[in-house]
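# Examining the three-dimensional arrangement
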Amino acid sequence: MMSTPGLLSAFRRTALVLALVTGTMPAFAQESANQPATRIASNQAGGEVVLIPSRVIYPGETINLAALKQVTLVVGKHKPEAVATRAEELDGKVAKRTLLPGRYIPSTAIREAWLVEQGASVQIFFIAGGLTISATAVTLQPGAPGDLVKVRNIDSGKILSGTVMADGTIQVSAS
């Protein structure tokens, strides 16, 4: 069995070359006894526990824990920086690009779900001291809470920029 370490090393080299060509990083891992992704352990004796896709996740698809698989990294292997591998980082987020099974999920490949969609009718508010002005507008771009989006005031036709609030309204500022 002298050739086994050489084969494993060749396999890993091939996987890394493939990862460089495709732009994704393989997760050298062992499955955690088919544990569902809803039961997350912080660490196990074997190595770091992470979540990776168990199937192809397509752009625009909301990520749920059923589409992820919990794996334990091989001892000595650590996840690369800027990848999302925990349930709180992934559950409910939306894929910005195709996520492949068995690969790490780059943080840049996911986004928050849109709270307001493009073309939706929303309430906009301007608040200055005790003065509050509200109007109806149409969003010109989608946005998540905290995002700055452009809206068109239905009454005046004026385009304004505002911040998406947690309740789905847009707060505009003086321009």
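Basis of the calculations
- Residues numbered from 1 in each chain as written.
- Predicted model: local features only at pLDDT ≥ 70, side-chain atom pairs only at ≥ 80, totals over all residues.
- Heavy atoms only, no water.
- Helix = DSSP H or I, 4+ residues; strand = E, 2+ residues; numbered from the N terminus.
- Buried < 20%, exposed > 50% of the residue type's maximum accessible area, 1.4 Å probe, protein only.
- Contact = heavy atoms within 4.5 Å.
- Areas by Shrake-Rupley, 256 points an atom, 1.4 Å probe, with all protein chains shown as cover.
- Core = buried A, V, L, I, M, F, W, Y, C linked by side-chain atoms within 4.5 Å.
- Pairing = 2+ DSSP bridges.

Another aspect to go through is the overall build of the protein chain. Summing up its helical and strand segments, the protein chain has two helices and 13 strands in all. Out of the 175 residues belonging to the protein chain, those deemed buried represent 32%. Contacts spanning at least 24 positions in sequence make up 48% of the contacts within the protein chain whose residues lie at least 6 apart. Of the roughly 10400 Å² of accessible surface on the protein chain, 58% is carried by carbon and sulfur atoms.

Quick look at the nonpolar core now. Residues Ile57, Ile63, Leu68, Leu90, Leu99 and Ile110 are the most contacted members of the largest nonpolar core, which totals 14 residues. With residues near it in sequence (within four places) discarded, isoleucine 110 still touches Ile63, Ala84, Glu89, Leu90, Lys93, Val94, Lys96, Leu99 and Ile105. In this structure, Ile124, Val151, Leu160 and Ile170 belong to the second largest nonpolar core, which totals 11 residues.

Attention now goes to the pairing of strand β9 (residues 121-128). For β9 and strand β10 (residues 131-139), the ladder comprises eight bridges, and the chain directions are antiparallel. Across the sheet, phenylalanine 125 pairs through a bridge with serine 134, a residue of β10. Hairpin connection from β9 to β10: two residues lie between these consecutive antiparallel strands, with glycine 129 at a positive phi of about 65 degrees.

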